[in-house]
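Spelled out, the chains give:
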Amino acid sequence: MSVVCDICGKKSIKAAKITFSHKQNTHRQLPNIQSVRAVVNGQVKKLNVCTSCIKAGKVTKA
């Protein structure tokens, strides 16, 4: 499953974990992507949507 929102295009970002000795380790922060059955142009399709788009009402669930 891809980690990109089909509605807003939100994707993973690169972040740094900083230790006590200020060493930096890079890692990925993933968005909360859910697979949802939604109505698109009158047809039911499966979309990968972030939870902020679901809360905002940008997706009509089937």
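One can find the structure itself at the top, above this paragraph.
Residues numbered from 1 in each chain as written. Predicted model: local features only at pLDDT ≥ 70, side-chain atom pairs only at ≥ 80, totals over all residues. Heavy atoms only, no water.

Novice: Help me understand the environment of Ala16, please; the structure alone is not making it clear to me.
Specialist: Tracing the backbone through its elements, the reader meets Ala16 in strand β1 (residues 13-18). For Ala16, a relative accessible area of 39% gives the class partly exposed. Ala16 sits 36 residues away from Ser52 along the chain, and the two C-alpha atoms are 24 Å apart. What Ala16 contacts, discounting residues up to four positions off in sequence, is Gln24, Asn25, Thr26 and His27. (Helix = DSSP H or I, 4+ residues; strand = E, 2+ residues; numbered from the N terminus. Buried < 20%, exposed > 50% of the residue type's maximum accessible area, 1.4 Å probe, protein only. Contact = heavy atoms within 4.5 Å.)

Novice: Please clarify how the state of the cysteines should be interpreted in this entry.
Specialist: Counted under the stated rule, the structure contains 0 disulfides. Free of any disulfide, Cys5 has its nearest neighbouring cysteine sulfur in Cys8, separated by 3.6 Å. Classification of Cys5 as buried rests on a relative accessible area of 3%. The cysteine Cys50 is free of any disulfide, with Cys53 supplying the nearest cysteine sulfur at 3.4 Å. (Disulfide = S-S within 2.5 Å.)

Novice: Please explain the nonpolar core as it appears in this structure.
Specialist: Cys5, Ile33, Val36, Ala38, Leu47, Val49, Cys50, Cys53 and Val59 form the largest nonpolar core, which has 9 residues in total. Mapped onto this core, the elements with two or more residues apiece are β3 (33-40) and β4 (43-50). Contacts of Cys53, omitting those with residues within four sequence positions, involve Cys5, Ile7, Cys8, Lys58 and Val59. (Core = buried A, V, L, I, M, F, W, Y, C linked by side-chain atoms within 4.5 Å.)

Novice: I'm lost on the pairing of β4 in this one. Help?
Specialist: Successive residues of a regular strand alternate their side chains across the two faces of the sheet. Inspection of the sheet shows β3 paired to β4 by 8 bridges, in the antiparallel sense. Across the sheet, residue Val36 finds its bridge partner in β4, namely Leu47. In sequence, β3 turns back onto β4 through a hairpin of 2 residues, with Asn41 there showing a positive phi of about 55°. (Pairing = 2+ DSSP bridges.)

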